[in-house]
Amino acid sequence: MADLAVDSAVLPVGEDRYQATLSRDWDVWGPNGGYLAAVALRAAGLATALPRPASLSCQFLGPARFAEVELRATVARSGHRAEAVRVDMSQRGRAVLSASVWAVADGLSGPQYAVATPPSVPPPQELASIEELAAQWGPMPLPHRRNCDTRPVSWSPGTPGSLGESAMSGWLRLRPRATFPGDPWLDACRSVVHVDTTPFPALLLTCPNDMPPFVAPTLTLQVNFHDAAPEAEWLLVEGHGTALGGGLAAGRAAVWSPDGRLLATGAQQMLCRMLPARSPEPAHV
């Protein structure tokens, strides 16, 4: 079973250099993009002396294998309030990922105001799990979905497109460990994974039922961190599909705490790849 803390662990091996071993438990057409970005974020956390991430901007440069990867994390701009860290991930000499991370100090001064309003939804304890809702379909097609206890807020047991809108939301809780107190970088990785994995299924909800099957690996992923809730097992995640055309797919996502604080927002650009025709599957789960 996947464990984000173990599977994204990064070990120093020299000046500015680190290693990690990619786990097959995060397989989605290869290693999940959000999982790869989480590994890069943890490497940035080791490279900076500042305690928390402010943003992550990630470009995926090539496919990775479930094996060891090498990372180089260097401070590009250093300051008392903020530092910029560049992270490059490679595998057997081939570039896999390039990321830019801003780290910031604790206790920064500035105005405090809740600009965004949290959605009004039932608590996770009142909602059925995705396994219960999808039992009629058999095994879920994306193995990484088993890494989360997922409680959809809205659900249609039909095929993608039956909801007539390109949005979805639900409560997510990582398995087997849901929280990572004392490590703000690892805690932020929860949001990175959720921001990456939510827009694509949200986009599928708006597709007509007769659309040819396709997948959409991530080209770029941008995540901004606004707050933290390291004690919260459940996170509310909203995903929106924003565009589909020209061989590209785009979406955005937001992550909320149970007490209504906006923890992270992000955007994703994906490259479409058509698949051979097959019988309809519940790819949106």
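Residues numbered from 1 in each chain as written. Predicted model: local features only at pLDDT ≥ 70, side-chain atom pairs only at ≥ 80, totals over all residues. Heavy atoms only, no water.

(A) Main features of helix 2 (residues 33-47). Taking 1.5 Å per residue as the helical rise, helix 2 with its 15 residues ought to reach 21 Å, and the 21 Å between its terminal C-alpha atoms agrees with that figure. Of all 15 residues in helix 2, 13 are buried; the element is thus mostly enclosed. Backbone nitrogen of Gly34 and a side-chain oxygen of the N-cap are separated by 3.1 Å at the start of helix 2; the cap is Asn32. (Helix = DSSP H or I, 4+ residues; strand = E, 2+ residues; numbered from the N terminus. Expected span 1.5 Å × (residues − 1). Buried < 20%, exposed > 50% of the residue type's maximum accessible area, 1.4 Å probe, protein only. Polar contact = N/O pair within 3.5 Å; in protein donor to acceptor, adjacent residues only side chain to side chain.)

(B) View of the side chain of Glu83. Tracing the sequence through the fold places Glu83 in strand 5 (residues 82-91). Buried and unpaired, Glu83 has no salt bridge, with Arg77 as the nearest side chain of opposite charge at 7.8 Å. Within the structure, Glu83 has its side chain in polar contact with the side chain of Ser78 (distance 2.8 Å). Among all residues touching Glu83, those that are not within four sequence positions of it are Thr48, Ala49, Leu50, Val75, Arg77, Ser78, Val101, Trp102 and Ala103. (Lys, Arg positive; Asp, Glu negative; His and termini not counted. Salt bridge = Lys/Arg side-chain N within 4 Å of Asp/Glu carboxyl O. Contact = heavy atoms within 4.5 Å.)

(C) Spatial organisation of the confidence of the model for the protein chain. Scored by pLDDT, the protein chain has a mean of 90; 89% of the residues are at 70 or more. Contacts from residues 157-165, a stretch scored under 50 in pLDDT, to residues over four places away or in other chains number 26 contacts. A low-confidence stretch, residues 279-285 (pLDDT under 50), is modelled with 20 contacts involving residues beyond four sequence positions or located in other chains. (pLDDT = per-residue confidence, 0-100.)

(D) Summary view of the packing of aromatic side chains. According to the stated counting rule, one finds 3 aromatic pairs in the structure shown. Both rings, one in Trp26 and one in Tyr35, keep their centres 5.3 Å apart while their planes meet at 15°; by these two values the pair is stacked. For Trp26, a relative accessible area of 2% translates into the label buried. Tyr35 sits in the buried class, given a relative accessible area of 0%. Considering the side-chain rings of Phe200 and Phe214, the 5.7 Å spacing of their centres and the 90° angle between planes classify their relative orientation as edge-to-face. (Phe/Tyr/Trp six-rings, centres within 6.5 Å; stacked < 30°, edge-to-face > 60°.)

(E) Fine view of the sheet that holds strand 3 (residues 52-60). As summarised here, the arrangement of the 12 strands in space is 1-2-4-5-6-3-10-13-12-11-8-7, forming an open sheet in which the pairing is antiparallel. Taken across any chain shown, the strands that pair with only one partner, and hence form the sheet edges, are strand 1 (11-14) and strand 7 (148-152). With strand direction ignored, the average angle separating the axes of adjacent strands in the sheet is 25°. Where strand 2 (residues 17-21) and strand 4 (residues 68-77) come together, 5 bridges link them in antiparallel fashion. In the sheet register, Ala20 faces strand 4, and the bridge partner there is Val69. Seen against the sheet, helix 4 (residues 184-197) touches strand 3, strand 6 (94-104), strand 7, strand 8 (167-174), strand 10 (218-225), strand 11 (235-245), strand 12 (248-256) and strand 13 (262-271) and runs at an angle of roughly 130° to strand 10. (Pairing = 2+ DSSP bridges. Axes fitted to C-alpha atoms, helices over the stretch in contact; angles between N-to-C directions.)

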